[in-house]
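Chain by chain, the residues run as shown.
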Amino acid sequence: MYPDAAPYEAAPGVVVAPVAGLFPGAGASREWSSGLFDCFDDFDTCCMTFWCPCITFGRTAEIVDHGTTSCGTSGALFALIEYLSASWCTWAYSCTYRGRMRAQHGLPEAPCADFLVHLCCLPCALCQEYRELKARGYEPILGWEFNAQRAAAGVAMSAPAAQGMGR
């Protein structure tokens, strides 16, 4: 799915070979598509992350893990860690997914180390990662399986270009 990635199994018995350009922006840019503090660019995600960061994290983790861990499992583990540690240790868990996402998409460790971004600005980091997946053509709300099926079918994952009437 990533330009430099090897083929992977999208679903049992379905092997997908990555095709450069299949996912818009999936290799076109080696920079984050939005800044860490651009939370209000996607107000829905901003509100969801403020009220229930476990949902934002779970959706992102499912895509980053290529579906090996479900949104519910990742989100529940995040919520459990948050509850048991009084919100002090979730950054240690969530920053590992930022590192994985950066590795998959060739993104820089910016504006500072992943653990510092998550330690100091966890809600902003979760929003940025969610926006990045959306900017690269994923629909995190739909989960990995749906996104992988669309990729296997060769469906472009962005809105269609404006069409005009012609002969």
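Going by what an unreviewed UniProt entry lists, the protein is known as Cell number regulator 10 and is assigned to Miscanthus lutarioriparius. Its UniProt record, at the heading Subcellular location (unreviewed entry), says of the protein: "Membrane".

A. Examining the pattern of salt bridges more closely. All told, the structure shown has seven salt bridges when counted by the stated rule. The closest approach of N and O atoms between Arg 100 and Asp 65, which form a salt bridge, is 2.7 Å. On the criterion of sequence distance, the pair formed by Arg 100 in helix α4 (residues 90–105) and Asp 65 in the loop between α2 (53–64) and α3 (71–84) is long-range, its members being 35 residues apart. Judged by relative accessible area, which is 36%, Arg 100 ranks as partly exposed. We note a salt bridge from Glu 132 to Arg 136, for which the minimum N-O separation is 2.6 Å. Neither Glu 132 nor Arg 136 differs from the other in exposure class; each is buried. Connected through salt bridges with shared partners, the residues Arg 98, Arg 102, Glu 109, Asp 114 and Glu 129 form a single ionic network.

B. Expanded view of the packing of α2 against helix α5 (residues 114–135). Packing of α2 against α5 brings their axes to within 10 Å, and their N-to-C directions diverge by 40°. It follows from the interaxial angle that α2 and α5 lie oblique. Note on packing geometry: the crossing formed by α2 with α5 is left-handed. Every residue of α5 that contacts α2 at Pro 53, Thr 56, Phe 57, Arg 59, Thr 60 and Ile 63 is listed here: Leu 126, Glu 129, Tyr 130 and Leu 133. For the contact of α2 with α5, the class distribution of residues is six nonpolar, two polar and two charged.

C. Region of the structure containing unusual backbone geometry. Following Ala 110, the chain continues to Pro 111 via a peptide bond in cis, the omega torsion being 5°. Topologically, Pro 111 is positioned in the loop between α4 and α5. Despite not being glycine, His 66 shows a phi value in the positive range, around 55°. Secondary-structure assignment places His 66 in the loop between α2 and α3.

D. Molecular detail of the nonpolar core. One finds Phe 57, Phe 78, Tyr 97 and Met 101 to be the most contacted residues of the largest nonpolar core, which totals 17 residues. At the level of elements, α2, α4, α5 and α6 (143–152) are the ones that each hand at least two residues to this core. With five residues, the single largest contributor to this core is α2. Counting residues in each nonpolar core, the second largest holds eight residues, with Leu 36, Cys 39, Val 117 and Cys 124 among its members.

About the cut-offs
Residues numbered from 1 in each chain as written. Predicted model: local features only at pLDDT ≥ 70, side-chain atom pairs only at ≥ 80, totals over all residues. Heavy atoms only, no water. UniProt positions renumbered as here; feature names shortened; annotations may be inferred. Salt bridge = Lys/Arg side-chain N within 4 Å of Asp/Glu carboxyl O. Helix = DSSP H or I, 4+ residues; strand = E, 2+ residues; numbered from the N terminus. Buried < 20%, exposed > 50% of the residue type's maximum accessible area, 1.4 Å probe, protein only. Axes fitted to C-alpha atoms, helices over the stretch in contact; angles between N-to-C directions. Parallel < 35°, antiparallel > 145°, perpendicular 65-115°, else oblique. Left-handed = near helix turned anticlockwise from the far one by under 90°. Contact = heavy atoms within 4.5 Å. Nonpolar A, V, L, I, M, F, W, Y, C, P; charged D, E, K, R; others polar. Core = buried A, V, L, I, M, F, W, Y, C linked by side-chain atoms within 4.5 Å.

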